[in-house]
Amino acid sequence: MSEDTWVGVRERVLRFAEHPGAGKIFGARGHGFRLGPVMSEEQVRALEADLGVSLPAQYRSFLLRVGAGGAGPDYGLMTPAMGDGGWQWLGIGLAFPAQSTTAEFAGRPFVAEALQNELAAVETQEPTPDAFATDEEFSRAHAAWDARYEELYDAQEAGAVFLSEQGCGYASLLVMTGPHRGAIWEDLRPMDRGIEPTGHDFAYWYRRWLERTERQLETWQGEDDAVLRTP
């Protein structure tokens, strides 16, 4: 990772809040272009101790140099914070947070990809009433099937952090363990898909949002200036 990846990024993000068109940016109502304080090296190491693995390098550097959470893609970034049960990612300062994630859960093996085929197989095995002699037998069988399906469905989330809420139940996740460590995946389960890769790492994902926001605000500013100059 380049040493200058995050140089000036915090200042660029915070300046957005001063722009008259800031409220037009998607997700701005969720984070208001506010960033939390940066974390100390001591705090990051304590978080990693709970996580059981080191943080992905790009994200670790972001926490130390840009902020712990707040302004970012969609409705903003969740913040790692110490609570009664240990470190977890919370929606501090966000109007529309993603679901919280404990460090212990995020440190488990990331197996979402492997579970896709298993979930698909389980779906084909859903019990039907005509296969059972009584309603009671069907109810028991279906309850067992449903419990197994829910177990696999939830297990897809392990090894990753729900980092940003996209809206309507969709979310962006940062993978913490395994070969996909440091990559951004998306939770597309509301459209009956799975947790799927975006093909981007954390730095690309965040900087793409930053640069797109700058372009949008420059375009709107130019349009407003043109209107003011029109006789």
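Look above for the structure.
First, a word on what this report is: a plain description of the structure on this page.

About the criteria used
Residues numbered from 1 in each chain as written. Predicted model: local features only at pLDDT ≥ 70, side-chain atom pairs only at ≥ 80, totals over all residues. Heavy atoms only, no water. Helix = DSSP H or I, 4+ residues; strand = E, 2+ residues; numbered from the N terminus. Contact = heavy atoms within 4.5 Å. Pairing = 2+ DSSP bridges. Axes fitted to C-alpha atoms, helices over the stretch in contact; angles between N-to-C directions. Expected span 1.5 Å × (residues − 1). Buried < 20%, exposed > 50% of the residue type's maximum accessible area, 1.4 Å probe, protein only. Arc of directions from axis to C-beta. Parallel < 35°, antiparallel > 145°, perpendicular 65-115°, else oblique. Left-handed = near helix turned anticlockwise from the far one by under 90°. Nonpolar A, V, L, I, M, F, W, Y, C, P; charged D, E, K, R; others polar. Salt bridge = Lys/Arg side-chain N within 4 Å of Asp/Glu carboxyl O. Core = buried A, V, L, I, M, F, W, Y, C linked by side-chain atoms within 4.5 Å.

Some points on the side chain of Thr5
Logical step 1: Following the sequence through the fold, Thr5 ends up in the segment before α1 (9–16).
Logical step 2: Contact partners of Thr5, with chain neighbours within four places excluded, come to Ala203 and Arg207.

A closer look at the sheet that holds strand β6 (residues 183–187)
Logical step 1: Spatially, four strands are ordered β4-β5-β6-β7 in an open sheet, and the strand pairing comes out antiparallel. The outermost strands of the open sheet, each flanked by one partner alone, are β4 (160–167) and β7 (195–201). Sheet twist, expressed as the average angle between the axes of neighbouring strands with direction ignored, equals 30 degrees.
Logical step 2: Pairing analysis gives six bridges linking β4 to strand β5 (residues 170–175), with the strands arranged antiparallel. Note that in β5 the partner of Val161 across the bridge is Leu174.

Observations regarding helix α7 (residues 135–155)
Logical step 1: Counted at 1.5 Å a residue, the expected span for α7 with its 21 residues is 30 Å, and the 30 Å between its end C-alpha atoms agrees.
Logical step 2: Taken residue by residue, α7 has Phe138, Trp145, Tyr149 and Leu152 as its buried positions. One side of α7 carries all its buried residues, which in axial view fall inside an arc of 65 degrees. Turned more than 90 degrees away from the buried face of α7 sit Glu136 and Arg140, all of them exposed.

Some details on the packing of helix α3 (residues 41–51) against helix α4 (residues 57–65)
Logical step 1: For the pair α3 and α4, interaxial distance at closest approach is 10 Å and the crossing angle is 140 degrees. Compared by their axis directions, α3 and α4 come out oblique. Of the two possible hands of crossing, α3 and α4 adopt the one that is right-handed. Contact with α3, carried on its side by Glu41, Val44, Arg45, Leu47 and Glu48, involves Arg60, Leu63 and Leu64 of α4 and no other residues of that element.
Logical step 2: Split into classes, the residues belonging to the contact of α3 with α4 amount to four nonpolar, no polar and four charged.

Concerning the pattern of salt bridges
Logical step 1: Counted under the stated rule, the structure contains 12 salt bridges.
Logical step 2: The salt bridge involving Glu104 is made with Arg108; its shortest N-O contact spans 3.1 Å.
Logical step 3: For Glu104, a relative accessible area of 45% translates into the label partly exposed.
Logical step 4: Take Arg108: its relative accessible area is 37%, and that puts it in the partly exposed class.
Logical step 5: A salt bridge links Glu196 to Arg193, with the shortest nitrogen-to-oxygen separation between them at 2.6 Å.

What about the nonpolar core?
Logical step 1: Formed by 50 residues in total, the largest nonpolar core has its most connected members in Leu55, Tyr59, Trp89, Leu163, Met176, Phe202 and Tyr206.
Logical step 2: The element that contributes the greatest number of residues to this core is helix α8 (residues 202–229), accounting for seven residues.
Logical step 3: Apart from residues no more than four positions distant in its own chain, Tyr59 is found in contact with Ala68, Met78, Pro80, Trp89, Leu163, Leu174, Met176 and Phe202.
Logical step 4: Among the nonpolar cores identified, the runner-up in size contains six residues, and Leu115, Val122, Trp145 and Tyr149 belong to it.

Quick word on unusual backbone geometry
Logical step 1: Phi angles above zero are rare outside glycine, and Phe33 is one such case at about 55 degrees.
Logical step 2: On the secondary structure map, Phe33 appears in the loop between α2 (28–31) and α3.
Logical step 3: Judged by its relative accessible area of 3%, Phe33 falls in the buried class.
Logical step 4: Here the phi dihedral of Asp192 falls at roughly 60 degrees; this positive angle occurs in a residue that is not glycine.

Brief notes about the packing of helix α6 (residues 112–123) against α7
Logical step 1: Put simply, α6 and α7 touch, their axes get as near as 10 Å, and they point 160 degrees apart. Overall, the two elements α6 and α7 adopt an arrangement that is roughly antiparallel. The hand of the α6/α7 crossing is left-handed. Packed against α6, whose contacting residues are Leu115, Glu118, Leu119, Val122 and Glu123, the element α7 presents Trp145, Arg148, Tyr149, Leu152, Tyr153 and Ala155 at the interface.
Logical step 2: When its residues are assigned to classes, the contact of α6 with α7 shows eight nonpolar, no polar and three charged.

Shape is all these values report; function is a separate question.
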